[in-house]
Amino acid sequence: MTRIVQHPKRTLWVQAYIPEVIRGLYTTLRHFLRGLFKYETLPTIPYPVIKPPIPKDYRSKHRLLKRNDGTPRCVACGMCAAACPARCIKLEAGESADAFIEKKALCFEVDYSVCVFCGLCVEACPADAIRMDTGETSFVHNNREAFVSRETL
Ligand code: SF4
Ligand code: SF4
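Described below are features of the structure shown in this document. (Residues numbered from 1 in each chain as written. Chains lettered and ligands numbered in written order. Predicted model: local features only at pLDDT ≥ 70, side-chain atom pairs only at ≥ 80, totals over all residues.)

A few points about the site of ligand 1
Next up, step 1: Contacts to ligand 1 come from 14 residues, most closely from C84, A86, C115, C118 and C121.
Next up, step 2: When the residues that make up the shell around ligand 1 are grouped by side-chain class, the tally is 13 nonpolar, 1 polar and no charged. (Near = placed C-beta within 6 Å. Nonpolar A, V, L, I, M, F, W, Y, C, P; charged D, E, K, R; others polar.)

Observations concerning helix α2 (residues 18-37)
Next up, step 1: With 20 residues, α2 should reach 28 Å at 1.5 Å per residue; the first-to-last C-alpha distance of 28 Å fits that figure.
Next up, step 2: When you tally the buried positions in α2, you get 0 out of 20 residues, a small fraction of the element. (Helix = DSSP H or I, 4+ residues; strand = E, 2+ residues; numbered from the N terminus. Expected span 1.5 Å × (residues − 1). Buried ≥ 20, exposed ≤ 12 C-beta atoms within 10 Å, placed from the backbone.)

Considering unusual backbone geometry
Next up, step 1: Note the cis peptide between Y47 and P48, where omega equals 5°.
Next up, step 2: Position of P48 relative to the elements: it lies in the loop between α2 and β1 (63-64).
Next up, step 3: Positive phi is not limited to glycine here, since R87 has a value of about 50°.
Next up, step 4: Relative to the assigned elements, R87 resides in the loop between α3 (79-83) and β2 (89-95).
Next up, step 5: R87 gets classed as exposed once you count the C-beta atoms within 10 Å, which come to 11.
Next up, step 6: For F117, which is not glycine, the phi dihedral falls at a positive 55°.
Next up, step 7: Along the polypeptide, F117 turns up in the loop between β3 (103-111) and α4 (120-124).
Next up, step 8: F117 sits in the partly exposed class, given 14 other C-beta atoms within 10 Å.

Some details on the site of ligand 2
Next up, step 1: What surrounds ligand 2 is a group of 14 residues, the closest being C74, C77, M79, C80 and C125.
Next up, step 2: A breakdown of the residues in the shell around ligand 2 according to their chemical character gives 13 nonpolar, 1 polar and no charged.

A few points about the sheet that holds β3
Next up, step 1: Read from one edge to the other, the open sheet built from 3 strands follows the order β2-β3-β5, with strand pairing classed as antiparallel. Edge strands, defined here as strands with exactly one partner in the open sheet, are β2 and β5 (148-152). The mean angle between the axes of side-by-side strands here comes to 15°, regardless of whether they run parallel or antiparallel.
Next up, step 2: Both β3 and β5 contribute to a ladder of 5 bridges, which runs antiparallel. Opposite D111, over in β5, you have V148 as the bridge partner. (Pairing = 2+ DSSP bridges. Axes fitted to C-alpha atoms, helices over the stretch in contact; angles between N-to-C directions.)

In structure tokens form, the structure reads like this:
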């Protein structure tokens, strides 16, 4: 079925262009002044000065948990490193002073330049020693070494 498109009439107002140019400039000026004096009302977020809220269970940078007595919960079993598909966890095991605990982690390392935030390390941990709930999601560095987060326990 054919449809006839009615073009708007070319009135003197439209033909003159100047009024439309002024209207466009007014819109630009309005947004410019809003950005200058009422920045918080803009629909954009000035990231990274203001960070958007992240969902409660969003996987972020890892943290190692401690027991009530302050000792690390990690028993250096290596399950997290074995489960990691990116092979970005390295840990150093040492002897624990507690006779009931065989080992403890001396150093725990995660390379965030390759971590894919899958959460498999958290799932694999038998001691519930590692979580990804720090809320830290942005990693910006200018060299690869800086992406490696090393925690000495
Ligand atoms: S979140 Fe995934 S990729 Fe990152 S350290 Fe854990 S298992 Fe490895
Ligand atoms: S799986 Fe848990 S207890 Fe085992 S080395 Fe990793 S963080 Fe430590």
